[in-house]
Structure formats: structure tokens, C-alpha cells
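Below are the chains, spelled out letter by letter.
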Amino acid sequence: MITNKKIKISVPEKLGLSEESFEESWETVKYAVDHIYSDDMADLSFEQVYKTIYTIVLNKKGPILYNRLKDYLIQKLALLRETIVKDNTHDYEFLGTMARLWDVECHCFKITGDLMMYMDKVYCKPNRCMEVYDMCLDLFRIEILQKCSSSLISALISDIERIRNLGSVDSEHTSLWKVLIGMMETLHDNRDSFFLTDFEPVLITATEEYYNKAIDIELLTPIESLEKIRKLRQFESMLDSSFLNVDSHNKLKTVLENVLIWGKLSDIIEDLTHEAMVISNGKLLQEIYDLSSEEKYRVTVIESIKSYINKNAINIPFNEGNRKKGQNAITWSSEIVELYRSQHSFLESIDFGSVRLNNLTGDVSNAILGDVFSMYFSKEGALPSEYLSTYVDHCMKRTKEKDAEIVKIKQDLLDSTKLIGLLTEKDIFEKIYKKQLSRRLLQQRSLVEIEKWMVQMIKKVLGTFFTSKLEIMLRDISLSSEMYQAFQHSTTNSIEYLSFAPQVLTRTSWPFQSTNPIDEGISLPPRMSQILAGFEGYYSLKYKERVLKWAHHLSVIEIGCQFNSGYYEISFSVYAGVIFLLFEDYEELTLGEIYELTHIPIDDVKSLVMSMSTIPRCKILKKSSSSGNMKFSVNYFFSSPNRKVKVPVIACPLPSQKSDNLATASSVDTYDNEIVMELSAIIVRIMKTEGKLSHQQLLERTTKRTQSRLSLTPSIFKRSIQLLIEKEYIQRNADDPSYYHYLS
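The model shown is predicted, which means the values in this text are computed figures rather than measured ones.

*Asks:* Sorry, what's going on with the overall build of the chain here?
*Replies:* Along the chain, the regular secondary structure elements total 30 helices and nine strands. A fraction of 71% describes how many contacts in the chain between residues 6 or more apart in sequence connect residues 24 or more apart. On the chain, roughly 39300 Å² of surface is accessible, and the fraction owed to carbon and sulfur atoms is 50%.

*Asks:* Whenever I open this one, the sheet that holds strand E6 (residues 644-646) confuses me. Can you help?
*Replies:* The strands that make up a sheet are held in pairs by hydrogen bonds between backbone atoms, and each pair lies either parallel or antiparallel. Here three strands make up an open sheet; going across it, the order is E1-E2-E6 and the pairing mixed. Every interior strand has two partners, whereas the edge strands, strand E1 (556-563) and E6, have only one. Pairwise comparison of adjacent strand axes, ignoring direction, gives a mean angle of 30 degrees for this sheet. Contacting E1 and strand E2 (566-573), helix H24 (residues 574-581) runs over the sheet at an angle of about 35 degrees to E1.

*Asks:* Is there a simple way to think about the sheet that holds strand E8 (residues 730-732) in this case?
*Replies:* Pairing in this open sheet of three strands is antiparallel, and the strands run E7-E9-E8 from one edge to the other. Sheet topology places strand E7 (692-694) and E8 at the edges, where each strand pairs with a single neighbour. Strand-to-strand twist across the sheet, computed as the mean angle between neighbouring axes with direction ignored, equals 25 degrees. Here E8 pairs with strand E9 (residues 739-742) via three bridges, running antiparallel. Bridge pairing in E9 places isoleucine 730 opposite tyrosine 742. Contacting E7 and E9, helix H29 (residues 695-706) runs over the sheet at an angle of about 95 degrees to E7. Each of E8 and E9 is contacted by helix H30 (residues 714-726), which is oriented at about 100 degrees to E8, the strand it contacts most.

*Asks:* Is there a simple way to think about the packing of helix H19 (residues 426-442) against helix H20 (residues 448-462) in this case?
*Replies:* The packing of two helices is summarised by the inter-axis angle and the distance between the axes. Interaxial distance between H19 and H20 falls to 13 Å at its minimum, and their mutual angle equals 170 degrees. The angle between the axes of H19 and H20 places the two elements in the roughly antiparallel class. Contacts between H19 and H20 involve Lys426, Tyr433, Leu437, Arg440 and Leu441 from the first element and Glu451, Met454, Ile458 and Leu462 from the second. Taken together, the residues that form the contact of H19 with H20 break down as six nonpolar, no polar and three charged.

*Asks:* Sorry if this is basic, but what is going on with the side chain of serine 720 here?
*Replies:* Note that serine 720 resides in helix H30. By relative accessible area, serine 720 is classed as buried at 0%. Here valine 676 takes part through its backbone oxygen, which lies 3.5 Å from a polar atom of the side chain of serine 720. Not counting residues within four places of it along the chain, the set of residues in contact with serine 720 comprises Val676, Leu679, Ser680 and Ile683.

*Asks:* Hey, could you run me through the pattern of salt bridges in this one?
*Replies:* In total, this model carries 33 salt bridges according to the counting rule given. The residue lysine 397 makes a salt bridge to aspartate 393 at a minimum N-O spacing of 3.1 Å. Of this pair, lysine 397 and aspartate 393 are both found in helix H17 (residues 383-398), four residues apart, which corresponds to roughly one turn of the helix. Note that arginine 398 is salt-bridged to aspartate 412, the shortest N-O span being 4.0 Å. Residue arginine 398 is found in helix H17, and its partner aspartate 412 is found in helix H18 (residues 406-420); the two are separated by 14 residues along the sequence. Here arginine 398 and aspartate 412 have matching classes, each one buried. Among the charged side chains, a salt-bridge network with shared partners connects Glu338, Arg341, Arg398, Lys408, Asp412, Asp415 and Lys418.

*Asks:* Would you mind showing me how to read the environment of asparagine 642 here?
*Replies:* Within the secondary structure, asparagine 642 is located in the loop between strand E5 (629-634) and E6. You can call asparagine 642 partly exposed: its relative accessible area is 47%. Residues asparagine 642 and glutamate 569, 73 residues apart in the sequence, show an inter-C-alpha distance of 9.3 Å.

*Asks:* Looking at this model, I keep getting lost on unusual backbone geometry. Mind explaining?
*Replies:* Working note: non-glycine residues mostly have negative phi, and peptide bonds are mostly trans. Residue arginine 128 is not a glycine yet carries a positive backbone phi of 55 degrees. The phi dihedral of glutamate 728 is positive, around 65 degrees, even though this residue is not glycine. By the element assignment, glutamate 728 lies in the loop between H30 and E8.

*Asks:* Just checking my understanding: could you explain the nonpolar core for this structure?
*Replies:* Within soluble globular proteins, side chains that are nonpolar tend to cluster in buried spots. With 82 residues, the main nonpolar core has Ile309, Ile336, Leu347, Phe352 and Phe373 as its most contacted residues. With nine residues, the single largest contributor to this core is helix H15 (residues 325-348). Excluding anything up to four places from it in sequence, isoleucine 309 contacts Met277, Leu339, Gln343, Leu347, Ile368, Leu369, Val372 and Phe373. Core analysis: the next-biggest nonpolar cluster, separate from the first, contains 72 residues, Phe22, Ala32, Leu176 and Ile181 among them.

*Asks:* What exactly am I supposed to notice about the packing of aromatic side chains here?
*Replies:* A complete count under the given rule lists 28 aromatic pairs for this structure. Relative to tyrosine 72, the ring of tryptophan 26 has its centre 6.1 Å away and its plane inclined at 85 degrees; by these criteria the two rings are edge-to-face. One end of the pair, tryptophan 26, is in helix H1 (residues 22-37); the other, tyrosine 72, is in helix H3 (residues 62-87), with 46 residues separating them in the sequence. By relative accessible area, which is 4% here, tryptophan 26 ends up buried. Since its relative accessible area comes to 12%, tyrosine 72 is described here as buried. For the pair tryptophan 262 and tyrosine 297, a centre-to-centre distance of 5.9 Å together with 90 degrees between the ring planes defines the contact as edge-to-face. Taken as a pair, tryptophan 262 in helix H11 (residues 246-265) and tyrosine 297 in helix H14 (residues 295-314) lie far apart in primary sequence, 35 residues in all. Every member of this aromatic cluster is reached through a ring pair, and the members are Trp332, Tyr340, Phe373, Tyr376, Phe377 and Tyr387.

*Asks:* How should I be thinking about the pairing of E1 in this particular structure?
*Replies:* Along a regular strand, successive side chains alternate from one face of the sheet to the other. On E1, burial follows the alternation: Ile557, Ile559, Cys561 and Phe563 on one face are buried, whereas Val556, Glu558, Gly560 and Gln562 on the facing-out side are not. Bridge count between E1 and E2: eight bridges; the pairing is antiparallel. Bridge pairing in E2 places phenylalanine 563 opposite glycine 566.

*Asks:* Which parts of the structure should I look at to understand H19?
*Replies:* Residue pairs spaced three or four apart in an α-helix point in one direction, given the helix's 3.6 residues per turn. Between its terminal C-alpha atoms H19 stretches 24 Å, which fits the 24 Å expected from 17 residues at 1.5 Å a residue. Here H19 lies mainly inside the structure; 12 of its 17 residues are buried. Positive phi appears at glutamine 444, one or two residues downstream of H19, with a value of about 55 degrees.

Calculation notes
- Residues numbered from 1 in each chain as written.
- Predicted model: local features only at pLDDT ≥ 70, side-chain atom pairs only at ≥ 80, totals over all residues.
- Heavy atoms only, no water.
- Helix = DSSP H or I, 4+ residues; strand = E, 2+ residues; numbered from the N terminus.
- Contact = heavy atoms within 4.5 Å.
- Areas by Shrake-Rupley, 256 points an atom, 1.4 Å probe, with all protein chains shown as cover.
- Pairing = 2+ DSSP bridges.
- Axes fitted to C-alpha atoms, helices over the stretch in contact; angles between N-to-C directions.
- Parallel < 35°, antiparallel > 145°, perpendicular 65-115°, else oblique.
- Nonpolar A, V, L, I, M, F, W, Y, C, P; charged D, E, K, R; others polar.
- Buried < 20%, exposed > 50% of the residue type's maximum accessible area, 1.4 Å probe, protein only.
- Polar contact = N/O pair within 3.5 Å; in protein donor to acceptor, adjacent residues only side chain to side chain.
- Salt bridge = Lys/Arg side-chain N within 4 Å of Asp/Glu carboxyl O.
- Core = buried A, V, L, I, M, F, W, Y, C linked by side-chain atoms within 4.5 Å.
- Phe/Tyr/Trp six-rings, centres within 6.5 Å; stacked < 30°, edge-to-face > 60°.
- Expected span 1.5 Å × (residues − 1).

These results come straight from atomic positions and should not be treated as a statement about function.
The structure is reproduced here in C-alpha cells:
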């Protein structure tokens, strides 16, 4: 019986040279090897065998002994090989026999090597021969492993696939495999281990073929396919880790990824991702995403996520018709904001790792949403800008409602700012937003505190350049409120039954023409004229170098009136209010008489009077015909379900033929002028830095600075250049007019 007890051999003290021939000495060594192989070493004198080997080597017979031992071991291994191959036909039995043989031979090799340690030291190392133990291993590789390799590899692969089919790891089998894999890794040739050169390539190929046949996704739903693949990968990982080294385990992981992920799931990744997102299953989406750590795969999943969100965005209808356009804008914006909010919340639960998306790293969920919505907005042109601005306007007006949920409204506004930052046509949004903000501020349709907060939120996504004038507009309103309180306490505000709330606006910051030709010639009621004159005096004392110009076309007047059905507070434009106040002194008036009393152009009088006498919800005047003349009077039978009544405000009445030339001369495209001024400031900063630039160079640098918020047109650029030349900020080069110089 083989024992693992360590054998100790003493070095002989006397070595007297024996008369026996080498053949007799070899018989002693051979006898020892036979007993080692037969596990019959009880009567074997290791000291005598060691002394014999020592004597042979000392007498320069080492090469003969080395070769004789090698030949004899070859014979023994050949006999063992023939017995193993002949007597074992069952795969698992063959594997067991090979494992036991390896264990026995290693033990024999170790004892034989210990006996030959003197020859190793004196003969093998100086002559660069394999030490005896290593020679024995190499002979085992040549005589057993290589010549039985086909049977061994076939049996091992068959047994592995048998366990795969059972779907349960058998520790008895895996322990046996581990012994055989260890044998293959131990035995080397000049290239590498037998495992790497002969077995591992076969194992990889067999694994690839097995899993190619293991699943047919055409017979399964996407979710079923994922579940099947998940189970296969988990089982294979558990199986491989029980008998393979880490490197080989990772190689098989790659094989499974190529076969199951790229080969099987690649065609249904989009469907699978969409299904996970439809049911908002973050755990499922995370599992899909984590199937492979390759960036190529993860980008594929991310693109599938983007396609799902984009499909949902496209399915939200714009309803571009003019009828109910405001409601259409609010409905579309509400749905698009909710889509962004829900997808952002969902994607935040996914761990995307450090994947690189569009050459950017960082918050992947924000990058995904940014890509989807910016691309979507770019395809839809100006409508998203217009609709989102209208939606913000709607939210702001809700802040004045009694039951307003301020926290929810602020959340809606905050989510909308994230989308505003993704708009392509930011300049269009800016133009519309300014106009809507101006109406809300002047008509007090929102809370100023929320307006200021919103401007700060927009500033974070669009920058100071965008919000500078919005901040001035809000500052004007705040200063006007302070000025109104101071004016109320002054002696000039002493007119009974009249409340006056002035708003002093900076002309260059508000998005409309600051004056109207009608304002200069209109005749106001005495009480109104008196209080306006009082405020002008108060203002001129406070700000001596400033000049006030009244913009009645932007103002609102509220008049309380008692009708037969009750008392109503009616909101007018100043022009309509002036006309209605005439009926304090007159019972009936014709259009011509109204014109003579107010100096409002006759066409505008017609428009304003008709709005007060024909629109059902604000029919406060009635008309009658006498001798061919149309006369108007107060309709005391007017009634309304609401105490507060609003007569449609005409922000800028249509100019009549008489005022047409004046209006045309004084009207300017305010938006273009604002762009010219802002563009001029950018050009000055560029020229101040560069000093000298050609026209093309300046155009390129200016375009780069402004591309994030507006489309620079040649006409606007030319106007800005001309303005700066006139104001002597820059000048053309005298020798080459295509170059500009900065004038410090």
C-alpha cells in the first residue's frame, strides 16, 4: 500500500569502490524501482540503493544510469497505458482511472526522485538535464497523456456536457475534473501546459457549440429568453468555478457572452428593453444592462432606452390648429414634462456605471434624456419653444389662484426648465417668454417671488446672457412697488375714489415698443390727468435726469359700476376705460363724438366700442340707431355670473389711416434691436481680446459664442458691425477694409 510517509536517506560514511559491474548495480536500482511501483517497500533498503546510485555516479556512470532509468520508466508507462485504454470504455470510469493513475505515478516519481537526488546534483544540473522527478513527469506526458489525449479530452468534454444537461453541479464529478485539469496544467512541453495547448481550446469550442444549441429564442418571448439565459449563465459560472482556474473561467464567460448575448439576445435587446420600461421594472432593466460589461453592449441598451423615450415623445400630439392653441400648448407641454419627469425618476434607479456616451462621462441618465429631447425638439422646429413658454405662463398664472398648490407648481416649473435647456430654438423661447412675462408682471397675474425664482432656474440652464433683461424687468416691478408706496404717502396723491399704481419700466429691457402715437394725443379724464401730472412731478424731483413717457397702451384700468343686476368691477385697457368713463357725463354718444372727446383715432374707437357692445360676456354698452346715426349708451341690464369682468385688452390698437404714418415711423422690431445690442456687446469683448480680426474670423468667433442660444444671420451681424463703427468701438483697416481694429 502506498504511503505518504516521508523517507529519510542517510549519506553513506564509506564508499569503498565495489567490484560489481554496472549491470549488477543497475539490477539493484531496477529492483528498487519495481518495488516502488508495486508498493512493496517494507524490505527495501533505501540506504543500500542510495549508496549504489552514489557509487555509479561517482564512477562517471551517471549518463548510463540516467538513460537506463528513462528507458525502463518508458516501458512501465507504456504497459500502464495499454492496460488503461484497453480495459476502460466508459467515459467516467476512464476519467477515474486516469486520475488514480496520476496520483499513484506522482507518488512513485517523488520517491524515485528522492533516491536519485545525488545524481540530480552531480550529473543533471551540471549537464543541464531534467532532474529525475521532472523527467518522470515529462515521460508521463509523452507516454500516457499525449497518447491517451484524444480519449481523455473526449471523455472529459462528454462528462461536462452530461452535467450541463442535468443542470445540477455534481461535486464528485467536478472534484475528478479538477484533479485531471491540475494534471494537464502541471505537464508542460516546450510551448506551454497541456491544458492550454490541447484541452482549453477544445473546451471553449465545445462550450460554444453546446450553448448555440441550448436555447432557441424564436420559441420564447423576450422575457422568457432573458430568464433562460440568466439561468444558463448562472449555472455555467457555478460549474466552471468548481474546477477551472480564474483565467479559463473568464474565457468561458466571454464565450457565453458572445453566444448568448450577442448571438441570441442581440436581435431582441430593443424589444426586451422596451418591455422593461413599459412596466417600469427597474430591476429587470438593470439585469438587462448588466448582462455584459462591454461598452459596446451597454451603449446598445442605452440606445434602446433612448428609442423608447423618443417613441413616447413622438406619440404626444402637437395639435397645431389655431383653435384652442393655448390649451393645446398646455396639454402637450404637461405630457412632455410628465414624460421627462417619469423617465428621469425611473432612470435614476439604474446604475449605468462609467459608460461613455457621446464622448461624455458623468450622469448617464441626464445624458440619455438630454440626447432624446434635444433631438426631438430639433426636429419639431419652433413649436416646442412656443409651447413650453406658454406652459410656463400657465403655471405662473396658477400661482395667483386661491387654492394654488405652490409646491407642485414649482416642481412643474423646475422640470420644465430642464427641458428649456434642451431647446434648439432658444431665441424663439426667449422672445415669447419675455412677452408673456411682461404681461404677467404688468397685469399682476402671478406671484413676483415665484417669477424671480423661475428666472434663477432658467439662468442655471441658459446662463446670465439670457436672463439679464428678465432680471431688469423684475427689478423694475420691485422698484415700482416701492415707489408706489412712497407716492401714496406723498401730498400729491389726494384724489378721492381713485387708486393709482404706476409701474416705471426700463425701455430697453421690455419686449415691446415703449410708446404709441395714440398716447401722445389722447385726452384723458380730468382726474386721471391730474394724478398723472402729480406723479410726474414726484418722479422728476426724485430722478432729475430721467424723463417719463406714458405707455397707455400697456396699462389697465379697473372701474366699479352699479348695474341693475348688481355691482361689478370691470377691467379695461386704458383706451376702452377712457371711452366708458365718458358715460358719466353723457347718456348717449356717437362714434364721432367719442372721437372728438378722446382724440382716439376713429378706427380704434370703432374697435373698442364694438368690443364693449357686442361680446356677450362684457356687453356693458348698448347701441341704438336714430336718423341713421349709431349711438351708444350704458347697458344697465348687463349681468354676469362673476363680479369681476374683463373687457378684452387690446395691447396695441390697430392704427388708423391718420396715425398710420406715425405708427410706421415709430415702430421698430424690438426683438431684432435687442439682438443687435447683445451681439454688439459680444463683438466688443471679442475685439478687445483679439485687437485685430478679419471679417470672416470675427464672424466665426461670434457665431461660436452665440450658437447655443440663437441663429446668427448676416443682416443682424452687419447691423451690429455698422453700429459699432458708428459709435467708434471698432474701425476698418485703411489698407484692407476686410479687417477690423478695436479702438481702446
